[in-house]
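In case you want the letters, here they are:
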Amino acid sequence: MHRVYMDANATTPLLPEVMESMRPYWMEHFGNASSIHQHGQQARTAVDRARETMARFFKCHDAEVVFNSGGTEGDNTAIFGLLHPGDHFVTTSIEHSAILEAAKRLARHGIETTFVAPLPSGLIDPVDIRRAIRPETRLISVMLANNETGVIQPVEEIGRIAGETGIFFHIDGVQGAGKIELDVRRIGCHLLSISAHKMHGPKGIGAMFVRRGTPVEPLLVGGSHERRQRAGTENVAGIVGLAKAAELAAHSLDDGTIDRLAILRDRLEAGILEIPGTGVNGAYPPRTVGAPEPALSLSKGPSHLGTWDTTAPVPRAANTSNIFFDQLEGEALVIALDMKGVSISGGSACHSGATEPSHVLMAMGLDKNRARASLRFSLLKTATEADVDHVLRIVPEAVEHLRALSPVVAGTPG
Ligand SMILES: Cc1ncc(COP(=O)(O)O)c(C=O)c1O
C-alpha cells in the first residue's frame, strides 16, 4: 500500500546526507570529545565544527551555542535555570507540555505563572504579554510556531517588550526552526531552544542559543562539558547530525523548497476544504488559497501599547494545516486514514487513556466538539504532489463514510 506520512510536526525522518554525516562518529571516530588523544581530538573537532554551523544557523557567536538532548531539555533549562522562589513567569496557554508542565512544577517552588491566552486566530497578542508583566517578572517564554496550528508568533514584538522591561526572554523554537529564518539578535531573545528531529535530524539531540551573560543555571551538573552549561559526554554523532540537518534546513529556506511546501500545503488545504463542514483552525481572516502567507513580523513599531489589530492576517509555518471536520470524532478519522495509508495526528492529545480535546484549540475558543473534530496535517519538506493527491483521494471518502456511520452533533457545548 502507498503510505503517506503527514505528521512532520511529530517527527521527521533523517535525510540521507544527515545519516552519512553521522555514520563515522559511531564507528571509526568514536572518541570522547574530552579525551586528549587523537581519537578524542577527532571528536572535539567535529563538535567544534558543528558549533560553528549552529552559530550561523542562530546568527550568534559560537560560545552562545549549547548542545543538549532536545526541545524538552531546552524548555526546562530556560525555566528551571532562570527562575527562583518569588519570581513571576509569563508564558502562553498554547505552549508545548515541555513548558506547561515545567510551569506547573514552579508553583510548588513559590513561582507564579501567568498563562496568556491567544486570540481566536491562535496568535498571541504582544499587548497581552505586556499586561501580564509584574515588577517580579523574570522570564517570558513564547513559542515561535505552534506545533498544532503552525501559527507563527510575533516574537520580535515580544522581544522588544522584554528588552524595554529588562526581562529574560526564551523562545521555544522547536517548530519554527527550519521553517522560518532564525536571527536571535533581531528577535532580541536571551534563549532559544531547538530540536533536531523536527527538521530531518536525529532524535534525542538539540541545541540552545544562550545569549552571553545570561545567568542560566545548568539543569545537569557533572563534568565541565559545554562550558559548564550542560554536563554529560557529548553525543558527537547526534551533534554532527543536528548541524548537518540545520545546514540543509537553512538551504531549504533559500532554495525555494519551503515556498514550494507552502504551495503544496495550500493545495491540500483547498482540496480538503471542499468537503462540507470543514474549516482551518489558526488562519484568520480566512485566507485565499494560493495567496502568499502574510509576512512574519506583525510589528507596529517599538512600545506599541494600543489595541493589537485582531483582524490582521496570521502567518503560519509553511507545512502545517489544522482542519476541523464537523460531525466527526477526529480520532476515528485518524484511525480510518491510517488504515488507508495516511499517517496524520489529531489536534488532541491523549492523557492517561482519556482523549482530551487539544488545549491549544480550546484556548483559541473552539468548543469541545470542534476541537475533538480537528486534525493536524503537517507535511515533510520532501512531500510531493503525488502525496497530496493520495491524501485528497482518501480523506473525502473517509469523512463521508464516518459521518454516515456515527453522526456527532458539532457545535454543541460539550
Ligand atoms: C513546540 C515544541 N516544543 C518542544 C517539543 C519537545 O521537543 P523534543 O521532542 O525534542 O523534546 C516539541 C515536540 O513535539 C514541540 O513541538
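Residues numbered from 1 in each chain as written. Predicted model: local features only at pLDDT ≥ 70, side-chain atom pairs only at ≥ 80, totals over all residues. Heavy atoms only, no water.

**Q** Whenever I open this one, the packing of helix 11 (residues 330-339) against helix 14 (residues 385-405) confuses me. Can you help?
**A** The relative placement of two packed helices is expressed as an angle between their axes plus a distance between the axes. Interaxial distance between helix 11 and helix 14 falls to 10 Å at its minimum, and their mutual angle equals 130 degrees. Considered as vectors, helix 11 and helix 14 are oriented oblique to each other. Read as a crossing pair, helix 11 and helix 14 show a hand that is right-handed. Here Ala332, Leu333, Ala336 and Leu337 of helix 11 come into contact with helix 14, specifically with Ile394, Val395, Ala398, Val399 and Leu402. The residue makeup of the contact of helix 11 with helix 14, split by class, is nine nonpolar, no polar and no charged. (Axes fitted to C-alpha atoms, helices over the stretch in contact; angles between N-to-C directions. Helix = DSSP H or I, 4+ residues; strand = E, 2+ residues; numbered from the N terminus. Parallel < 35°, antiparallel > 145°, perpendicular 65-115°, else oblique. Left-handed = near helix turned anticlockwise from the far one by under 90°. Contact = heavy atoms within 4.5 Å. Nonpolar A, V, L, I, M, F, W, Y, C, P; charged D, E, K, R; others polar.)

**Q** I would appreciate a short explanation of the site of the ligand in the present structure.
**A** Neighbouring the ligand are 13 residues, the closest being Thr72, Asp172, Gln175, Ser195 and Lys198. In this structure, an oxygen atom belonging to the ligand sits 2.8 Å away from a side-chain N or O atom of Gln175. Contact with the protein chains covers 86% of the free accessible surface of the ligand, which is 390 Å². Sorting elements by how many residues they give to the shell around the ligand places helix 3 (residues 71-82) first, with three residues. Residue classes in the shell around the ligand are distributed as two nonpolar, eight polar and three charged. (Near = heavy atom within 4 Å. Polar contact = N/O pair within 3.5 Å; in protein donor to acceptor, adjacent residues only side chain to side chain. Areas by Shrake-Rupley, 256 points an atom, 1.4 Å probe, with all protein chains shown as cover.)

**Q** Help me understand the packing of helix 2 (residues 38-58) against helix 9 (residues 236-254), please; the structure alone is not making it clear to me.
**A** Their axes nearest at 9 Å, the elements helix 2 and helix 9 cross at an angle of 30 degrees. Between helix 2 and helix 9, the interaxial angle falls into the category roughly parallel. Where helix 2 crosses over helix 9, the handedness of that crossing is left-handed. Contact residues: helix 2 offers Ala43, Ala46, Val47, Ala50, Thr53, Met54 and Phe57, while helix 9 offers Val236, Ile239, Val240, Leu242, Ala243, Ala246, Glu247, Ala249 and Ala250.

**Q** Quick question: what am I supposed to make of the nonpolar core here?
**A** Counting residues in hydrophobic clusters, the biggest one holds 64 residues, and the most contacted among them are Met54, Phe57, Phe58, Ile140, Phe169 and Ile194. Counting residues per element, this core draws most heavily on helix 9, which supplies ten residues. Residues in contact with Phe58, not counting those within four places in the same chain, are Val65, Leu182, Asp183, Val184, Leu192, Ile194, Ala207, Met208 and Phe209. Counting residues in hydrophobic clusters, the runner-up holds 30 residues, among them Ile272, Val334, Ala398 and Leu402. (Core = buried A, V, L, I, M, F, W, Y, C linked by side-chain atoms within 4.5 Å. Buried < 20%, exposed > 50% of the residue type's maximum accessible area, 1.4 Å probe, protein only.)

**Q** Please explain unusual backbone geometry as it appears in this structure.
**A** Of all residues except glycine, most have a negative phi; of all peptide bonds, most are trans. Non-glycine residue Glu226 carries a positive phi angle of around 50 degrees. One can find Glu226 in helix 8 (residues 225-228). In this structure Glu226 comes out as buried when scored by relative accessible area, which is 7%. Phi angles above zero are rare outside glycine, and Gln327 is one such case at about 60 degrees. Taking relative accessible area as the criterion, Gln327 reaches 41% and is therefore assigned partly exposed.

**Q** I'm lost on helix 11 in this one. Help?
**A** Since one α-helical turn is 3.6 residues long, residues separated by three or four positions face the same way. Those residues of helix 11 that fall on the buried side of the exposure criterion are Gly330, Leu333, Val334, Ala336 and Leu337. The buried residues of helix 11 occupy one face: seen down the axis, they fall within an arc of 170 degrees. Contact partners of the buried residues in helix 11: strand 10 (320-325), strand 11 (342-343), strand 12 (345-346), helix 13 (368-372), strand 15 (374-378) and helix 14. Phi for Gly341, located one or two positions after helix 11, is positive at around 95 degrees. (Arc of directions from axis to C-beta.)

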